[in-house]
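Topology and contacts: notes
Here are the chains, one letter per residue:
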Protein chains: 4
Amino acid sequence: MKKQYLSNLNYYKICAMNTNYILTFSCPDTSGIQSKVTSLLYKNFAFLTDVQSYSDIDSNTFFSRTVFTIAELSDEFEKLINEFEQLANDLQMEWSIDLEGKKIKTLIAVSKLGHCLNDLLYRTKFRDMPIEIVGVISNHETYREIVEFHGFDFHYLPIEKNEESRKKQEKEFNSIAEEKNAELIVLARYMQILSADFSSKWLGRCINIHHSFLPSFKGAKPYHQAFDKGVKLIGATSHFVTSDLDEGPIIEQNIERVNHSDSTDDFTRKGNDIESTVLSRSVRWYAEKRILINGTKTIVFN
Amino acid sequence: MKKQYLSNLNYYKICAMNTNYILTFSCPDTSGIQSKVTSLLYKNFAFLTDVQSYSDIDSNTFFSRTVFTIAELSDEFEKLINEFEQLANDLQMEWSIDLEGKKIKTLIAVSKLGHCLNDLLYRTKFRDMPIEIVGVISNHETYREIVEFHGFDFHYLPIEKNEESRKKQEKEFNSIAEEKNAELIVLARYMQILSADFSSKWLGRCINIHHSFLPSFKGAKPYHQAFDKGVKLIGATSHFVTSDLDEGPIIEQNIERVNHSDSTDDFTRKGNDIESTVLSRSVRWYAEKRILINGTKTIVFN
Amino acid sequence: MKKQYLSNLNYYKICAMNTNYILTFSCPDTSGIQSKVTSLLYKNFAFLTDVQSYSDIDSNTFFSRTVFTIAELSDEFEKLINEFEQLANDLQMEWSIDLEGKKIKTLIAVSKLGHCLNDLLYRTKFRDMPIEIVGVISNHETYREIVEFHGFDFHYLPIEKNEESRKKQEKEFNSIAEEKNAELIVLARYMQILSADFSSKWLGRCINIHHSFLPSFKGAKPYHQAFDKGVKLIGATSHFVTSDLDEGPIIEQNIERVNHSDSTDDFTRKGNDIESTVLSRSVRWYAEKRILINGTKTIVFN
Amino acid sequence: MKKQYLSNLNYYKICAMNTNYILTFSCPDTSGIQSKVTSLLYKNFAFLTDVQSYSDIDSNTFFSRTVFTIAELSDEFEKLINEFEQLANDLQMEWSIDLEGKKIKTLIAVSKLGHCLNDLLYRTKFRDMPIEIVGVISNHETYREIVEFHGFDFHYLPIEKNEESRKKQEKEFNSIAEEKNAELIVLARYMQILSADFSSKWLGRCINIHHSFLPSFKGAKPYHQAFDKGVKLIGATSHFVTSDLDEGPIIEQNIERVNHSDSTDDFTRKGNDIESTVLSRSVRWYAEKRILINGTKTIVFN
């Protein structure tokens, strides 16, 4: 059970009136959940604008995402939170209530290929990607200049070719994430394998982009593998990081058409485009609280 | 306010236990709708499996689709319906409660091009399209044989080239639809313009497939128009029929890629494929109660 | 080196003037191929309307597809063929010259799932699929009625659960294909594994549709596998049959989007749609001589 | 007839051996074109790797794109060029021979929306977009910083709200394009209407991205128009600029799915993504000499 809202309560209070909130939760399925939740919201002067709920029979779990408006930010809201906490306890919920549009603190990790990083930098700076980039870490210096040009912190965390160095570097990576209060870590083509400890610590809060259409072509050089197979479509997959490499709940996938005249370079170029699109879409959905984890899968409310 | 459930109540009663129902409604937006509805359902032993609601700010209307299960079909269900009718009155709802999987009675109209008709026949007969085809009407004899082979009624309603004949034929068309208790009329490339009377009588219950990517290329020979423009994508559009030709709330659209080497024949062939897919998808969604009309637009719950 | 044109020469002669021909060939790459071929065609009064050639560096092979028109069918054409045969010998070509629009003799094999079969029947009968269906064979009776309704021969070739019966049945399958002079065998969800002998005999002339996005989810129940993985896209793959099950040069692939609310039934239904589309597209391309085999891959000229 | 190769001949000579060239041409259709061209190439030691030709019946024009390799850059190449010029004269060709991979000099124009510009900057700087950006002009200062950060010239050409200022500014725009020897002008959301003079001067060398799926929604605020119509797909269109606003030969189009819960902001955001992709794809194809103009349409060799 999350209580991340509590520390933010003052923040909510100083926000303007007529603000939208996003409630997301999952809990063991039983009858009356939707009724209890919406009645509690109604009683506390919440006005619902978007409701999506889904009951998964296989896992016997109820998932929900509700957007609601509160007219006035007064003690009423504190009351709503307190009552909701009680209900959440009763129903054994994983839950959070967040301000809609609140930018989530995001730490990006990158190695030598920058197309996903650049796409995120640009969308955050010039478009409306709802994240606050709290820093970029890399085991290479390649993208320091562009990151700093955009006004973000760049952390160079090199790795030597031994296990000790790798462990030390991952520890620094983790420390930066913690110091910056990162709510999300994005592996934007970060070509390092993370430890089981790191993976489980950031479970559900660390997104990776895999440069293939999983579960095909796991491992290295997937576009070369795809080329050798003579496929007619190539794809990319974003997923939550787990200790199981190239696995973890899939968030989004997309594809692009290729043909016999495309070289492995063409495969790679087209693939890079899909990766950027799939990753930035996933980050947006995460920031908008649209993704809920359902065991080894995800629920994505559109 | 619809009361179509009432006549079906006995039908519900004889159905097996543990049946799924689909509640759809729209009503003027106000606070507490979701709470009141789900509380009523909960109190009456309904178990919710899928909830999607959407509040449209522009039209100030609340739309909802809820799938629920009732464990036992007893007087409880009649009580639920009675209570719901009361609430629906209070909230000025357009609503219906339907058995999930209940096949809706569908009348298909076709002229000389049969790809959409055949697709519907096949999906209904050999796949799981949840409709009951109550007949096919046509102003040509072309598809009598295939329709009758599949075991459906074929009604030949020819039209002479004068207004009187057109009116008389439309009247027969309407009579057949009424006699067969059609819940949906599908214009599967029916190349006749329907009167304003007919359109408004079947408003929201008559789907047309338009062989272009509306609003481009309205009117005749859209694929030829598209070819002349040198477009790189062609598309098709399904929509509810209104008295405004080639307009009416759009339900679904899709496209296919074309290039310079495609002839108008190729445009037409590819276009026909998209039409079949878009139309059958729309009919399925309609039968699954996923489509709600919002003025000149549609809400489609996925 | 193919000589399939020779037996057809009289057929060509009786065809009307101004007919289009499709020349396809592949041969070891060297300089001057295109020049020699087009000069020969020009000298023999051929008018070129579409030329696509591709030189594959990896296999050092030149592939070409040329559409040309001959104004008059006289001895000139026989001269062209004779000269071309000489050139083809010199360049060690695999080649064929075919009348554009000539319907290729096609034998379809099906088991219990008929969506691909029906799609092919419909497109051949009512649309413009350029094939002549010389028969349908099946190890089940399920589709006899619909096949015969469309006016095609149905051959029931049951299989008992022993190796001997399987061998005997495959032999009958092969005999029918030979008697009917089938130029193409289409496995339209034919759930039998073919022997290495059969596969190599029909190499490059037997197309299979695989109900998954190869190389993912090989083997049985791919949509269930995909569902368990929580993928967001499902797909289908058509390929030439080789003795290596679920492998063989890929011809075409396509995908459809799925989400968390799709059941395995939904996966299957959407998958079936993609299979039909991908298979019928492949058969069309084959009939139009657009597909050339390049080792374990294909060249598809669009 | 173009002779742009001549001034580049010395450049060719200093290039390394085994270089690829791209020959593109269009000419009135007649028999023997392909034969004459490929024979000339063969005689001059060219090795063909990719040939695509298309004969358009409506315009009676032959279009061709051939990639060839020359082993040695000697006087042979000059001889090839001289001979080709003779043949091109005879056949009344529009033609050019270019080094494959040669970066074309590109001038970009932008107003206040930078997503297309940024995409081009990034792809040119960090990926492999085969253009040389010779400058960016704008009627606003908005993107000076990012353009200069990437190391390109920025030209601020403001416009006052009168015809005289507009004319003067366009003249400066034209002067910069000429001074920089721009081979291509890209209107990357440049919200100014260009004069007929400018349009015809740069005919076939000036690409615009239109933020809608032409021919729908011409004019201002197309995404708002699309929203009001309740469409389910939105798109973008790139085209060559002609004096006819929002017309001109279409190069490429693409679409993205939208639904009822998407706001006009969502329409715009998704639309911006499609615009960037469609425009950068068009620029790449232009640089790779894949686009030939066929009256009011384009031939795009893939």
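Residues numbered from 1 in each chain as written. Chains lettered and ligands numbered in written order. Predicted model: local features only at pLDDT ≥ 70, side-chain atom pairs only at ≥ 80, totals over all residues. Heavy atoms only, no water.

1. Examining the packing of aromatic side chains
Per the counting criterion, the structure on display carries 46 aromatic pairs over all chains. A ring pair is formed by Phe25 of chain A and Phe62 of chain A, whose centres lie 6.2 Å apart and whose planes are at 25°; its orientation type is stacked. Linking Phe25 of chain A in strand E1 (residues 19-28) with Phe62 of chain A in strand E3 (residues 61-70), this pair joins segments that are 37 residues apart in sequence. Like Phe25 of chain A, the residue Phe62 of chain A is buried in the burial classification. Three or more aromatic residues joined by ring pairs make a cluster, and in this case those are Phe173, Tyr190, Phe198 and Trp202 of chain A. When the ring centre of Phe227 of chain A is taken as origin, the NZ or CZ atom of Lys297 of chain C, which lies over that ring, is 3.5 Å away. (Phe/Tyr/Trp six-rings, centres within 6.5 Å; stacked < 30°, edge-to-face > 60°. Helix = DSSP H or I, 4+ residues; strand = E, 2+ residues; numbered from the N terminus. Buried < 20%, exposed > 50% of the residue type's maximum accessible area, 1.4 Å probe, protein only. Lys NZ or Arg CZ within 6 Å of the ring centre and 35° of its normal.)

2. A look at the packing of helix H4 (residues 115-126) of chain B against helix H9 (residues 264-287) of chain B
What describes two packed helices is the angle between their axes and the distance between those same axes. Residues and elements named next belong to chain B. Where H4 contacts H9, the axes come no closer than 9 Å and their chain directions differ by 45°. Looking at the two axes, H4 sits oblique to H9. You can see that H4 and H9 cross each other, and the crossing is right-handed. On H9, the residues that touch His115, Cys116, Asp119, Leu120 and Arg123 of H4 are Asn272, Glu275, Ser276, Leu279, Ser280 and Val283. Here the residues of the contact of H4 with H9 are counted per class, giving four nonpolar, four polar and three charged. (Axes fitted to C-alpha atoms, helices over the stretch in contact; angles between N-to-C directions. Parallel < 35°, antiparallel > 145°, perpendicular 65-115°, else oblique. Left-handed = near helix turned anticlockwise from the far one by under 90°. Contact = heavy atoms within 4.5 Å. Nonpolar A, V, L, I, M, F, W, Y, C, P; charged D, E, K, R; others polar.)

3. A look at the interface of chain B and chain C
Each side of the interface is counted separately: chain B has 21 residues, and chain C has 21 residues. With both sides pooled, the region where chain B packs onto chain C buries about 1900 Å², and carbon together with sulfur makes up 49% of that total. Counting the contacts that link chain B with chain C gives six salt bridges. Salt-bridge contacts for Glu256 of chain B lead to Arg281 of chain C; the nearest nitrogen and oxygen are separated by 3.5 Å. Across the contact surface, chain B and chain C share nine residue pairs in polar contact (both at pLDDT 80 or more). Contributing elements (two or more residues each) for the side of chain B that touches chain C: H4, helix H5 (144-149) and H9 of chain B. Partitioning the side of chain B that touches chain C into residue classes produces five nonpolar, seven polar and nine charged. (Buried area = accessible area lost by both parts, 1.4 Å probe. Salt bridge = Lys/Arg side-chain N within 4 Å of Asp/Glu carboxyl O. Polar contact = N/O pair within 3.5 Å; in protein donor to acceptor, adjacent residues only side chain to side chain.)

4. Quick word on the relation of the copies chain B and chain C
In this structure, two copies of a chain are linked by a rotation about an axis accompanied by a shift along it. Mapping chain B onto chain C leaves a residual RMSD of 0.0 Å; the transformation is a rotation of 180° accompanied by 0.0 Å of translation along its axis. Taken together, the rotation and translation relating the two chain copies correspond to the operation of a two-fold axis. Measuring from the rotation axis to each C-alpha of chain B, the shortest distance belongs to Phe149 of chain B, at 3.9 Å. In this assembly, 100% of the residues forming the interface of chain B have copies in chain C that are likewise at the interface, indicating an isologous arrangement. (Least-squares fit on C-alpha atoms with pLDDT ≥ 70 in both.)

5. Here we look at helix H4 (residues 115-126) of chain A
Residue and element names in this part refer to chain A. Spanning 12 residues, H4 covers 16 Å between terminal C-alpha atoms, matching the ideal 16 Å at 1.5 Å per step. Most of H4 sits out of view: 10 of its 12 residues are buried. If you check which residues of H4 are buried, you get His115, Cys116, Leu117, Asn118, Asp119, Leu120, Leu121, Tyr122, Arg123 and Thr124. (Expected span 1.5 Å × (residues − 1).)

6. Some remarks on the sheet that holds E3 of chain A
Pairing in this open sheet of eight strands is antiparallel, and the strands run E4(A)-E1(A)-E3(A)-E2(A)-E2(B)-E3(B)-E1(B)-E4(B) from one edge to the other. Each edge of the open sheet carries a strand with a single partner, namely strand E4 (94-99) of chain A together with strand E4 (94-99) of chain B. Averaged over all pairs of adjacent strands, the angle between their axes in this sheet comes to 15°, without regard to strand direction. As judged from the 10 bridges shared by E1 of chain A and E3 of chain A, these two strands associate in the antiparallel manner. Its bridge partner being in E3 of chain A, Leu23 of chain A is matched across the sheet by Thr66 of chain A. (Pairing = 2+ DSSP bridges.)

7. A word on the environment of Ser212 of chain C
Residues and elements named next belong to chain C. Considering the arrangement of structural elements, one finds Ser212 in the loop between strand E9 (206-210) and helix H8 (222-229). Residues Ser212 and Gln225, spaced 13 residues apart in sequence, show a C-alpha to C-alpha distance of 9.6 Å. Leave out the neighbours within four places in its chain, and Ser212 touches Phe217, Pro222, Gly235, Ala236 and Thr237.

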